[in-house]
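# Examination of the molecular architecture
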Amino acid sequence: MFNKFKITKDLTSQKNIITNQEYIQFSESFNKNEFAYLDWLDKKNCKQGFSSISKPLFNENYNLAIIRFEKICGPLCGGGLLALYEITNGKWKQKKILDSWID
């Protein structure tokens, strides 16, 4: 079942998903200085910041997954949540928010 878990527009409404190569470029921007990502975001027209989604952690039956979502909107702005998903009738749906935070 875990191979059927895909990050799609259903899970990330109104968000653009970047490619792995774009993520590598983004990550490398931190090597220059810790705030270089702001220039990268500006160049990509992401003036409201960025969101990240972790790889899912599954239970042994692969019918539950925990995922971490984060939103960074500036050096001192952001938040996130840890959510539990369950597969029902072949579709992953959020079951419960386990934790949330604001920076």
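All of these numbers come straight from a predicted model, not from anything done at the bench. (Residues numbered from 1 in each chain as written. Predicted model: local features only at pLDDT ≥ 70, side-chain atom pairs only at ≥ 80, totals over all residues. Heavy atoms only, no water.)

## A few points about the state of the cysteines
- A full pass over the atoms with the stated rule returns one disulfide.
- Put simply, cysteine 73 and cysteine 77 are joined by a disulfide, and their sulfur atoms are 1.9 Å apart. The sign of the -75 degrees torsion about the S-S bond sets the cysteine 73-cysteine 77 disulfide as left-handed.
- Here cysteine 77 falls in the partly exposed class, since its relative accessible area comes to 34%. (Disulfide = S-S within 2.5 Å. Buried < 20%, exposed > 50% of the residue type's maximum accessible area, 1.4 Å probe, protein only.)

## A look at the nonpolar core
- In this structure, Ala65, Ile67, Phe69, Ala83, Tyr85, Ile87 and Trp92 together form the largest nonpolar core, which totals seven residues.
- Counting only elements with at least two residues in this core, the list comes to strand E3 (64–74) and strand E4 (77–88).
- Counting five residues, the second largest nonpolar core, distinct from the first, contains Phe26, Trp40, Leu41 and Phe50. (Core = buried A, V, L, I, M, F, W, Y, C linked by side-chain atoms within 4.5 Å. Helix = DSSP H or I, 4+ residues; strand = E, 2+ residues; numbered from the N terminus.)

## Considering unusual backbone geometry
- One non-glycine residue, tyrosine 62, adopts positive backbone phi at about 55 degrees.
- Here tyrosine 62 lies in the loop between strand E2 (57–58) and E3.
- The phi dihedral of asparagine 89 is positive, around 50 degrees, even though this residue is not glycine.
- Turning to its location among the elements, asparagine 89 is positioned in the loop between E4 and strand E5 (91–102).
- Since its relative accessible area comes to 80%, asparagine 89 is described here as exposed.

## Focus: the pairing of E4
- Bridge analysis of E3 against E4 gives ten bridges, and the strand direction is antiparallel. Following the sheet pairing, glutamate 70 is matched in E4 by glycine 80.
- Remark: two residues form the turn of the hairpin made by E3 and E4, two consecutive strands paired antiparallel.
- Alignment of E4 against E5, held across ten bridges, turns out to be antiparallel. When the sheet's bridge partners are listed, tyrosine 85 is paired in E5 with glutamine 94.
- Between E4 and E5, which follow one another and run antiparallel, lie two residues, and asparagine 89 among them has a positive phi close to 50 degrees. (Pairing = 2+ DSSP bridges.)

## Regarding a nonpolar patch on the surface
- Judged by side-chain polarity, Ile18, Tyr23 and Ile24 come together as a nonpolar surface patch covering roughly 260 Å² of accessible area.
- Among the secondary structure elements, isoleucine 18 is positioned in the segment before helix H1 (20–32).
- Given the relative accessible area of 38%, isoleucine 18 is considered partly exposed. (Patch = residues over 30% accessible without salt bridge, like charges linked within 9 Å, V, L, I, M, F, W, Y side chains within 5 Å. Areas by Shrake-Rupley, 256 points an atom, 1.4 Å probe, with all protein chains shown as cover. Salt bridge = Lys/Arg side-chain N within 4 Å of Asp/Glu carboxyl O.)

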